[in-house]
Amino acid sequence: MSEFVFKMPDLGEGTVEAEIVAWHTKPGDLVQEDHVIVEVMTDKAAVEVPAPVGGRVVSISGEPGDKVAVGSPFIVFELAASAAG
């Protein structure tokens with residue numbers, strides 16, 4: 001097993017951070033690639049962020065209302081051995 005750390009993506013338009021509106025997953029959940037994992041709000045729009053990989057959620061960073069900087073660790077996935085290669 002290996003871990004994949006997904007960092008807060010750059011959502012465009014020069015945003016430097018986004019506010020967490022709602023998590024759609026929690027630690028222990030199995031998610032598939034492109035499954036919506038969180039909804040965030042930038043100063044311009046609400047955005048649903050999909051999972052970049054499939055796997056088990058190990059940890060999430062932040063709660064609704066928290067602001068997360070672009071590039072900060074956001075969610076950690078545990079990948080199956082076949083997905084890690």
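The rules behind these values
Residues numbered from 1 in each chain as written. Predicted model: local features only at pLDDT ≥ 70, side-chain atom pairs only at ≥ 80, totals over all residues. Heavy atoms only, no water. Helix = DSSP H or I, 4+ residues; strand = E, 2+ residues; numbered from the N terminus. Contact = heavy atoms within 4.5 Å. Pairing = 2+ DSSP bridges. Axes fitted to C-alpha atoms, helices over the stretch in contact; angles between N-to-C directions.

Engineer: Looking at this structure, I do not really get the environment of alanine 22. What am I missing?
Structural biologist: Its location among the elements puts alanine 22 in strand β2 (residues 17-23). Residues alanine 22 and leucine 79 lie 57 residues apart in sequence; the distance between their C-alpha atoms is 24 Å. Excluding its chain neighbours within four sequence positions, the residues that come into contact with alanine 22 are Val38, Glu39 and Pro64.

Engineer: Help me understand the sheet that holds strand β6 (residues 55-60), please; the structure alone is not making it clear to me.
Structural biologist: In spatial order, the strands read β1-β8-β6-β3; together these four strands make up an open sheet with antiparallel pairing. For this open sheet the edge positions go to β1 (2-7) and β3 (30-31), each flanked by a neighbour on one side alone. For β6 and strand β8 (residues 73-79), the ladder comprises four bridges, and the chain directions are antiparallel. By the bridge assignment, valine 57 is partnered in β8 with phenylalanine 77.

Engineer: Explanation requested: the sheet that holds strand β4 (residues 36-41) in the structure shown.
Structural biologist: Paired through backbone hydrogen bonds, the strands of a sheet run either parallel or antiparallel to each other. Across the sheet, four strands lie side by side as β5-β4-β2-β7; this open sheet has antiparallel pairing. In the strand order of this sheet, the two ends are held by β5 (46-50) and β7 (67-69), each with one partner. Across the sheet, the axes of successive neighbouring strands diverge by a mean angle of 40°, strand direction being ignored. Relative to β5, β4 runs antiparallel, the two being bridged by five bridges. The residue bridging valine 38 from the neighbouring strand is valine 49, located in β5.

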